[in-house]
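Residue-level structural notes
The primary structure of each chain is shown beneath.
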Amino acid sequence: MLAEFSFAQTAKSRAQLEKEKEAVEKRLLEFDKILKQTAESKRVSLGQLSAVSKQLETRVTYIRTLSSEVALINKEITETEGRIKALENDLKNLKEEYAKMVYTSSKLNQGLTMTTFVFSSSTFKQFYMRLKYLKQYTDARKKQVEQIEKVTADLAAQRIRLEDKKVEKQQVINKEEEQRRQLARSRTDQQKIVSTLERQEIDLRKKIAEAKRQQQNLNNLIKRAIEEEIRRAEAEAKKANSTATKASGSSIPLTPEAAALSNSFAGNKGKLPWPVESGFISKKFGTHPHPTLKGIVEDNDGVDIQTNPNSQVRAVFDGEVTKVATVPGYGGTILIKHGEYYTMYSKLKVVSVKSGDKVKAKQVIGQVYTNKEGVAEVHFETWKGLQPLDPSTWLAGR
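Note that the coordinates shown come from a computational prediction; the quantities given were computed from them, not determined experimentally. (Residues numbered from 1 in each chain as written. Predicted model: local features only at pLDDT ≥ 70, side-chain atom pairs only at ≥ 80, totals over all residues. Heavy atoms only, no water.)

Overview of the overall build of the protein
In terms of helices and strands, the protein carries six helices and twelve strands. Here the protein displays about 22,500 Å² of accessible surface, and carbon together with sulfur accounts for 54% of that area. (Helix = DSSP H or I, 4+ residues; strand = E, 2+ residues; numbered from the N terminus. Areas by Shrake-Rupley, 256 points an atom, 1.4 Å probe, with all protein chains shown as cover.)

A short note on the environment of glutamate 257
Here glutamate 257 lies in helix 6 (residues 256-267). Put simply, glutamate 257 and glycine 339 are 82 residues apart on the chain and 8.4 Å apart in space, counted from C-alpha to C-alpha.

Section: the confidence of the model for the protein
Per-residue confidence for the protein gives a mean pLDDT of 80; residues scoring 70 or more make up 81%. Here helix 3 (residues 114-119) stands out as the least confident element of the protein, with mean pLDDT 55; strand 5 (residues 312-314) is the most confident, with 97. Note on residues 1-5: pLDDT is under 50 here. Beyond four places in sequence and across chains, it has zero contacts. (pLDDT = per-residue confidence, 0-100. Contact = heavy atoms within 4.5 Å.)

Topic: the pattern of salt bridges
Overall, the coordinates contain 16 salt bridges when judged by the stated rule. Notably, a salt bridge pairs glutamate 57 with lysine 54, separated by 3.5 Å at the nearest N-O pair. Here lysine 54 and glutamate 57 lie together in helix 2 (residues 46-108), a separation of three residues that amounts to about one turn. By relative accessible area, glutamate 57 is classed as partly exposed at 46%. The class of lysine 54 is partly exposed, set by a relative accessible area of 22%. Taking the shortest distance from any N to any O, the salt bridge between arginine 180 and glutamate 176 comes out at 2.9 Å. Within this pair, arginine 180 and its partner glutamate 176 are both found in helix 4 (residues 124-198), separated by four residues, close to a single helical turn. (Salt bridge = Lys/Arg side-chain N within 4 Å of Asp/Glu carboxyl O. Buried < 20%, exposed > 50% of the residue type's maximum accessible area, 1.4 Å probe, protein only.)

Quick word on the nonpolar core
Looking at soluble globular proteins, one finds that nonpolar side chains tend to be buried together. Within the largest apolar cluster, 25 residues are counted, with the highest numbers of intra-cluster contacts made by Val313, Ile334, Ile336, Tyr345 and Ile365. When residues of this core are traced back to their parent elements, those giving at least two are strand 4 (303-307), strand 7 (331-338), strand 8 (341-351), strand 10 (364-368) and strand 11 (376-384). If we ignore the near neighbours within four places in the chain, the residues touching isoleucine 334 are Val321, Lys323, Thr343, Met344, Tyr345, Leu348, Val351, Val353 and Ile365. (Core = buried A, V, L, I, M, F, W, Y, C linked by side-chain atoms within 4.5 Å.)

Here it is as structure tokens:
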């Protein structure tokens, strides 16, 4: 029973590990594709560095997963060896018991056949008891033979399983070694890119300064649009027939329908679909050091998601488009309202919606822009009223 429980637990761990491994392998393929496309431009960029760094980070996770798989297979091998040993012991005992039964039978048959033994009974009761004994004895020997055959077959199956596990273990070890070699190459590539970018410090500093101005322009656009929405909602709330109310902690008066949408959006924190089908966060929310320039920090009111060129950009939740604009450095920009929450999508080369449009979750609203360095990146922000929020805490995990 304990062995069965242990096997069930191992099977559960194996299923979970396989799921994790499959997810990591899928992410690695995504990064390989993105990195290949950024490398085709023949220009070293921060986008290329982001892809290499993310690929490296994911490969470390993959190696860790493979190591866990080897450890799990070792556990399975040990458990299988234990079952083989137990079965061998059972088989030995069964054969010894059967040998004793055969020996006892031969002793009984010395000078007296079983038929004579039964029919030489002096009373009917003795005849019945001897007949019953003979049947039980025959059944016991037959059962013993069946048990020996069953244990022998089980033992053979476990030995095959053991050999299969050893082969599987070696295959995973080989894969792990190959991943370690690729990891070493990725680290070399990463260092080459960093060295190249460090030599471009003056140009990078200019780009950072320009990016900060562009970010400020984008923030001003968002704030003005949200402030206008708040003013409009407050004016509507003052009308005699208005159903809008301003709840405690809310930044804007909401109708019952808008309040329900707002609550639904809030209830889906950590579950929202990504604005692009594949990709990774290349620049996080908040203040963080520049990846190559020492002493330089960058601010981000959203996240940048690096993806494949020409990827479709999707709304992450039901809502209404409140603003469509073009912002220098950010290209096409879309602001969508979800009650008192807002999501913003920029760095688009194509915009497929207009102000006032109602949109659904995962509806295509545009197409991502690819820069001259081959980097396709969408900038995504989440706001509650006039307060920017960390989008990574709202998106579903990957």
